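Coordinate analysis (summary)
Below, each chain spelled out in residue letters.
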Amino acid sequence: MSPEKVLKHVKEQFKQNGPISGSWIHMKTEPYERHDVQYHVYKGGISKNINGKTEQFEFIADALTGTLLDIKRLSEVS
């Protein structure tokens, strides 16, 4: 999948729990291993407004399917 399609897919999943205020994605894939399985992935980020505060998340998504493999909450910005 193109990075734009993967980002669109990830944003649709995040939007299920409220609006997104920003997003980004690396345009090149990277190798990634999880549970002894090798993937090619895109890494990116999402910002959301939650209870009046902006929270930032990093994600790792499979480049072939767009499936989220990992999400990490980074920080809360006032």
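Our structure's up above, just so we're on the same page.
What counts, and at which threshold
- Residues numbered from 1 in each chain as written.
- Predicted model: local features only at pLDDT ≥ 70, side-chain atom pairs only at ≥ 80, totals over all residues.
- Heavy atoms only, no water.
- Helix = DSSP H or I, 4+ residues; strand = E, 2+ residues; numbered from the N terminus.
- Rg over C-alpha atoms; globule rule 2.2 N^0.38 Å.
- Buried < 20%, exposed > 50% of the residue type's maximum accessible area, 1.4 Å probe, protein only.
- Contact = heavy atoms within 4.5 Å.
- Areas by Shrake-Rupley, 256 points an atom, 1.4 Å probe, with all protein chains shown as cover.
- Lys, Arg positive; Asp, Glu negative; His and termini not counted.
- Charge placed at Lys NZ, Arg CZ, Asp CG, Glu CD.
- Pairing = 2+ DSSP bridges.
- Salt bridge = Lys/Arg side-chain N within 4 Å of Asp/Glu carboxyl O.
- Core = buried A, V, L, I, M, F, W, Y, C linked by side-chain atoms within 4.5 Å.

The helix and strand tally for the chain stands at one helix and five strands. The order of helices and strands in the chain, counted from the N terminus, is α-β-β-β-β-β. What you see for the chain is a C-alpha radius of gyration of 13 Å, in line with the 12 Å of a compact globule of 78 residues. For the chain, the spread of C-alpha atoms along the three principal axes comes to 40 × 25 × 20 Å. The 78 residues of the chain split such that 31% are buried. The long-range share in the chain, meaning contacts at least 24 apart out of those at least 6 apart in sequence, stands at 36%. A total accessible area of about 5,200 Å² is found for the chain, and carbon and sulfur atoms account for 49% of it. Of the side-chain charges in the chain, 11 are positive and 10 negative, and the distance between the mean point of each set is 7 Å.

In this section: the pairing of strand S3 (residues 37–50). Across five bridges, the pairing between strand S1 (residues 20–25) and S3 is antiparallel. By the bridge assignment for S3, Ile25 is matched with Gly44. Note: strand S2 (residues 30–34) against S3, five bridges, orientation antiparallel. Among the inter-strand pairings, Glu30 is bridged to a residue of S3, identified as Val41. As consecutive antiparallel partners, S2 and S3 are separated by two residues, and within that stretch His35 has a phi angle of approximately 55 degrees, a positive value.

This structure, assessed with the given rule, holds two salt bridges. Taking the shortest distance from any N to any O, the salt bridge between Lys43 and Glu30 comes out at 3.2 Å. Here the residue Lys43 occupies a position in strand S3, and Glu30 occupies one in strand S2, the gap between them amounting to 13 residues. Relative accessible area serves as the criterion here: at 29%, Glu30 is assigned to the partly exposed category.

Turning our attention to the nonpolar core. One broad trend across soluble globular proteins is that nonpolar side chains are buried collectively. Ranked by size, the top nonpolar core spans 12 residues in total: Val6, Leu7, Val10, Phe14, Ile25, Tyr42, Ile46, Phe57, Phe59, Ala61, Ala63 and Leu68. Where this core is concerned, the elements lending two or more residues are helix H1 (3–15), S3 and strand S4 (53–62). It is H1 that provides the largest number of residues to this core, a total of four residues. Apart from residues no more than four positions distant in its own chain, Ile25 is found in contact with Pro3, Val6, Leu7, Tyr42, Lys43, Gly44 and Phe59.

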